[in-house]
Amino acid sequence: MRAARGSRARKPAAAAGGRAGRVRMSGKQRREQLLDVGRALFAERGYEATSVEEIAAKAGVSKPVVYEHFGGKEGLYAVVVDREMQLLLDMVTGSLTGGHPRELCEEAAFALLDYIETSTDGFRILVRDSPVAQSTGTFASLINDIATQVEDILGHEFKSRGYDAKLAPMYAQMLVGMVALTGQWWLDVRRPKKAEVVAHLVNLAWHGLEGMERRPQLVGRRKS
């Protein structure tokens, strides 16, 4: 009988411990947990296929907790996307810190592939068409922000080589777009190795710029 009473006495203690564990998670910790859960689900299933019920269940909370922190699925998704966009922008722009222009191209390409490698879920979310207008815009606007950083580098390079520096913004869009699309392809295939992909990207970009005509002309019959 004493053993039975001891056994019954331990059950409420375990339950209380479980409740205490949940209570001990601060609001900030709970918010981060929900962001982690939402990020994984959005990457795996997409925005439309992910529900608040699923997010709450994965986090071990009730639906009102999700609404309390983010106002709903849309609010949580917006924060996830904004964070990922800022992280990618910081990684790429942080790599453009000096050195030879070709080395800068290499570093920028490495930064994008590093992000894809270390934040695969985040990149999968970014390249999907977003149903939510984020404060930092869309993936296209993010690419535009990165191109603006590259534009300054190309502008100086164009001037030193006698090219029209006014064309630098267009060429920056071309280069960044090429790297971004290659990154989307590499996201799933993951071969060749990252360094080899960067070498080939920069080979195409750099030698294309190196042999660039000052006033390119169309060679086909169509002229407009």
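Predicted model, so just to flag it, every value in this text is computed and none were measured.

Considerations on the overall build of the protein
Stage number 1. Along the protein, the regular secondary structure elements total ten helices and zero strands.
Stage number 2. The secondary structure elements of the protein, listed N-terminal to C-terminal, are α-α-α-α-α-α-α-α-α-α.
Stage number 3. When burial is assessed residue by residue, the protein has 37% of its 224 residues classed as buried.
Stage number 4. Total accessible area computed for the protein in this model is approximately 13400 Å², and 54% of it derives from carbon and sulfur atoms.

Digging into helix H4 (residues 63–70)
Stage number 1. Residues of H4 that are buried include every one of Val65, Val66 and Phe70, and no others. Along the long axis of H4, the arc covered by the buried residues comes to 105 degrees, so they all point the same way. Projecting away from the buried face of H4 at angles above 90 degrees are the exposed residues Pro64 and Glu68.

Comments concerning the UniProt feature "DNA-binding region" (unreviewed entry) in the protein
Stage number 1. Listed under "DNA-binding region" (unreviewed entry) in the UniProt record, and renumbered for this structure, are residues 51–70.
Stage number 2. With 80% helix and 0% strand, the stretch residues 51–70 has end C-alpha atoms that lie 14 Å from each other.

Examining the pattern of salt bridges
Stage number 1. The full count for this structure, using the stated rule, is eight salt bridges.
Stage number 2. One salt bridge connects Glu54 with Arg45, and the closest N-O pair in it is separated by 3.0 Å.
Stage number 3. Judged by relative accessible area, Arg45 falls into the partly exposed class, the value being 39%.
Stage number 4. Among the salt bridges present, the one from Arg161 reaches Glu157, with a minimum N-O distance of 2.8 Å.

A word on helix H6 (residues 101–118)
Stage number 1. Under the 1.5 Å per step criterion, the end-to-end length of H6 is 26 Å for 18 residues, consistent within 8% with the ideal 26 Å.
Stage number 2. Along H6, the positions that sit buried rather than exposed are Pro101, Leu104, Ala108, Ala109, Ala111, Leu112, Leu113, Tyr115 and Ile116.
Stage number 3. Where H6 is buried, its residues meet helix H5 (73–95), helix H7 (120–127), helix H8 (139–161), helix H9 (168–189) and helix H10 (194–210).

Observations concerning the packing of aromatic side chains
Stage number 1. A complete count under the given rule lists seven aromatic pairs for this structure.
Stage number 2. On the basis of an interplanar angle of 80 degrees and a centroid distance of 5.9 Å, the ring pair of Phe123 and Phe139 is categorised as edge-to-face. Of the two residues, Phe123 is situated in helix H7 and Phe139 in helix H8; the sequence distance between them amounts to 16 residues.
Stage number 3. By relative accessible area, Phe139 is classed as buried at 17%.

Side note on the packing of helix H3 (residues 52–59) against H4
Stage number 1. Two elements in contact, H3 and H4, have axes separated by 8 Å at closest approach and are oriented at 105 degrees. The orientation of H3 with respect to H4, classified from their angle, is roughly perpendicular. Residues Val52, Glu53, Ile55 and Ala56 of H3 form the contact with H4, whose own contacting residues are Lys63, Val66 and Tyr67.
Stage number 2. Broken down by class, the residue content of the contact of H3 with H4 amounts to five nonpolar, no polar and two charged.

Overview of the side chain of Ser119
Stage number 1. Positionally, Ser119 belongs in the loop between H6 and H7.
Stage number 2. Judged by relative accessible area, Ser119 falls into the buried class, the value being 4%.
Stage number 3. Among the polar contacts made by the side chain of Ser119, one reaches the side chain of Glu84 at a distance of 2.9 Å.
Stage number 4. Not counting residues within four places of it along the chain, the set of residues in contact with Ser119 comprises Arg39, Glu84 and Leu87.

Description of the environment of Leu76
Stage number 1. One can find Leu76 in helix H5.
Stage number 2. Residues contacting Leu76, with those up to four places away along its chain left out, are Leu34, Leu35, Gly38, Phe42, Ile55, Val66 and Phe70.

Section: the packing of H5 against H6
Stage number 1. Orientation of H5 relative to H6, taken along the N-to-C sense of each, is 155 degrees, at an axis distance of 8 Å. Looking at the two axes, H5 sits roughly antiparallel to H6. In the crossing of H5 with H6, the sense of the turn from one axis to the other is right-handed. On H6, the residues touching Glu84, Leu87, Leu88, Met91, Val92 and Ser95 of H5 are Leu104, Glu107, Ala108, Ala111, Leu112, Asp114 and Tyr115.
Stage number 2. Partitioned by chemical class, the residues of the contact of H5 with H6 number nine nonpolar, one polar and three charged.

Conventions and cut-offs
Residues numbered from 1 in each chain as written. Predicted model: local features only at pLDDT ≥ 70, side-chain atom pairs only at ≥ 80, totals over all residues. Heavy atoms only, no water. Helix = DSSP H or I, 4+ residues; strand = E, 2+ residues; numbered from the N terminus. Buried < 20%, exposed > 50% of the residue type's maximum accessible area, 1.4 Å probe, protein only. Areas by Shrake-Rupley, 256 points an atom, 1.4 Å probe, with all protein chains shown as cover. Arc of directions from axis to C-beta. UniProt positions renumbered as here; feature names shortened; annotations may be inferred. Salt bridge = Lys/Arg side-chain N within 4 Å of Asp/Glu carboxyl O. Expected span 1.5 Å × (residues − 1). Contact = heavy atoms within 4.5 Å. Phe/Tyr/Trp six-rings, centres within 6.5 Å; stacked < 30°, edge-to-face > 60°. Axes fitted to C-alpha atoms, helices over the stretch in contact; angles between N-to-C directions. Parallel < 35°, antiparallel > 145°, perpendicular 65-115°, else oblique. Nonpolar A, V, L, I, M, F, W, Y, C, P; charged D, E, K, R; others polar. Polar contact = N/O pair within 3.5 Å; in protein donor to acceptor, adjacent residues only side chain to side chain. Left-handed = near helix turned anticlockwise from the far one by under 90°.

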